[in-house]
Amino acid sequence: MKTGLFFGSFNPIHVGHLIIANSIFDEVDLREIWFIVSPQNPHKRDSKSLAHEFDRMDMVEIAISDDTRFRAMDIEFHLPKPNFTIDTLAYLTDKHPKHEFFLIIGEDNLLSFPHWKNYQVILDNYPLLVYPRTITERSKLISHHHVTMVDAPLLDISASYIRKCIKEGRSLKYLVPDKVIQFIRDRSLYK
């Protein structure tokens, strides 16, 4: 079963994430996409603005609840920290041997991919589905046989911008699903 893995802190999940997932699903022959909520990205040391992992998991579940193509996964909550993508991929491959996993990443992450733990093992064993990002430099890995650039909208929506909007009391309408906006308000997140 072809399964896309969309890793992220989803702090919070926003329409950009959902549009990317939808575009990739439509373009690539996948059975489903799993949103892998990461407790903490080992490449990002600033965790001050990071909502609790259970809140972020809840927001992802709320955002995709009416779409059977997508699943929210808390796999990394139960793995040793800091967690690296290669460790999660090894765990998933062991637990789900009938699945063929595809790693969904932004073009900016492809540029930094050679700095990931065991990146060559990932590249040799897991196809990468890369969505476009606004960058000035192209990765040398773009021509690798396991790298596929997908036709997805170029979106410049960031979770940091959304958190800034929340702190400034600005509207999140059209940036975040309405149910997630309500969850953020109910929990007083990112204030």
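Placed above this text is the structure.
Residues numbered from 1 in each chain as written. Predicted model: local features only at pLDDT ≥ 70, side-chain atom pairs only at ≥ 80, totals over all residues. Heavy atoms only, no water.

## With respect to the overall build of the chain
Working step 1: Within the chain one finds seven helices and six strands.
Working step 2: Traced from its N-terminal end to its C-terminal end, the chain shows the element sequence β-α-β-α-β-α-β-α-α-β-β-α-α.
Working step 3: Against the compact-globule benchmark of 16 Å for 191 residues, the chain has a radius of gyration of 16 Å, which places it among compact chains.
Working step 4: By its C-alpha atoms, the chain is 45 × 35 × 35 Å across when sized along the principal axes.
Working step 5: For the chain, buried positions account for 51% of its 191 residues.
Working step 6: In the chain, 68% of the contacts between residues at least 6 apart in sequence involve partners at least 24 apart. (Helix = DSSP H or I, 4+ residues; strand = E, 2+ residues; numbered from the N terminus. Rg over C-alpha atoms; globule rule 2.2 N^0.38 Å. Buried < 20%, exposed > 50% of the residue type's maximum accessible area, 1.4 Å probe, protein only. Contact = heavy atoms within 4.5 Å.)

## Some thoughts on the side chain of Ser 139
Working step 1: Assignment of secondary structure puts Ser 139 in the loop between strand S5 (128-131) and strand S6 (147-149).
Working step 2: A polar contact of 3.4 Å, which involves the side chain of Ser 139, links it to the backbone oxygen of Leu 110.
Working step 3: Once residues lying within four places of it in the same chain are set aside, the contact partners of Ser 139 are Leu 110 and Leu 111. (Polar contact = N/O pair within 3.5 Å; in protein donor to acceptor, adjacent residues only side chain to side chain.)

## Remarks on the environment of Asn 109
Working step 1: Here Asn 109 lies in helix H4 (residues 107-112).
Working step 2: Distance in space between the C-alpha atoms of Asn 109 and Val 60 is 21 Å, their sequence separation being 49 residues.

## A short note on unusual backbone geometry
Working step 1: In the segment running from Asn 11 into Pro 12, the intervening peptide bond is cis, with an omega of 5°.
Working step 2: Take Pro 12: it is sitting in the loop between strand S1 (2-8) and helix H1 (15-27).
Working step 3: The peptide bond linking Lys 81 to Pro 82 adopts the cis configuration, its omega dihedral lying at 0°.
Working step 4: Relative to the helices and strands, Pro 82 is located in the loop between strand S3 (70-73) and helix H3 (85-95).
Working step 5: At Phe 10, a position not held by glycine, the phi torsion is positive, near 45°.
Working step 6: One can find Phe 10 in the loop between S1 and H1.
Working step 7: Taking the relative accessible area as the measure of exposure, Phe 10 reaches 2% and is therefore buried.

## Notes on the pairing of strand S4 (residues 100-106)
Working step 1: Most of S4 is tucked away: six of the seven residues are buried.
Working step 2: Where S1 lies against S4, five bridges are found, and the strand directions are parallel. Paired with Phe 6 across the two strands is Ile 104, which belongs to S4.
Working step 3: Taken together, the four bridges between S4 and S5 define a ladder with parallel strand orientation. Each bridged residue has a counterpart across the sheet, and for Leu 103 the counterpart in S5 is Leu 128. (Pairing = 2+ DSSP bridges.)

## Things to note about the nonpolar core
Nonpolar side chains in soluble globular proteins tend to be buried together.
Working step 1: Within the largest apolar cluster, 40 residues are counted, with the highest numbers of intra-cluster contacts made by Phe 6, Ile 13, Ile 24, Ile 33 and Phe 35.
Working step 2: Elements with a minimum of two residues in this core: H1, strand S2 (32-37), helix H2 (53-64), S3, S4, S5, helix H6 (159-167) and helix H7 (178-187).
Working step 3: When sequence neighbours within four positions are dropped, the list of residues in contact with Phe 6 reads His 17, Ile 20, Ala 21, Ile 33, Trp 34, Phe 35, Ile 36, Ile 104 and Tyr 131.
Working step 4: By size, the runner-up hydrophobic cluster in this structure holds 23 residues, among which are Trp 34, Ile 75, Phe 101 and Phe 113. (Core = buried A, V, L, I, M, F, W, Y, C linked by side-chain atoms within 4.5 Å.)

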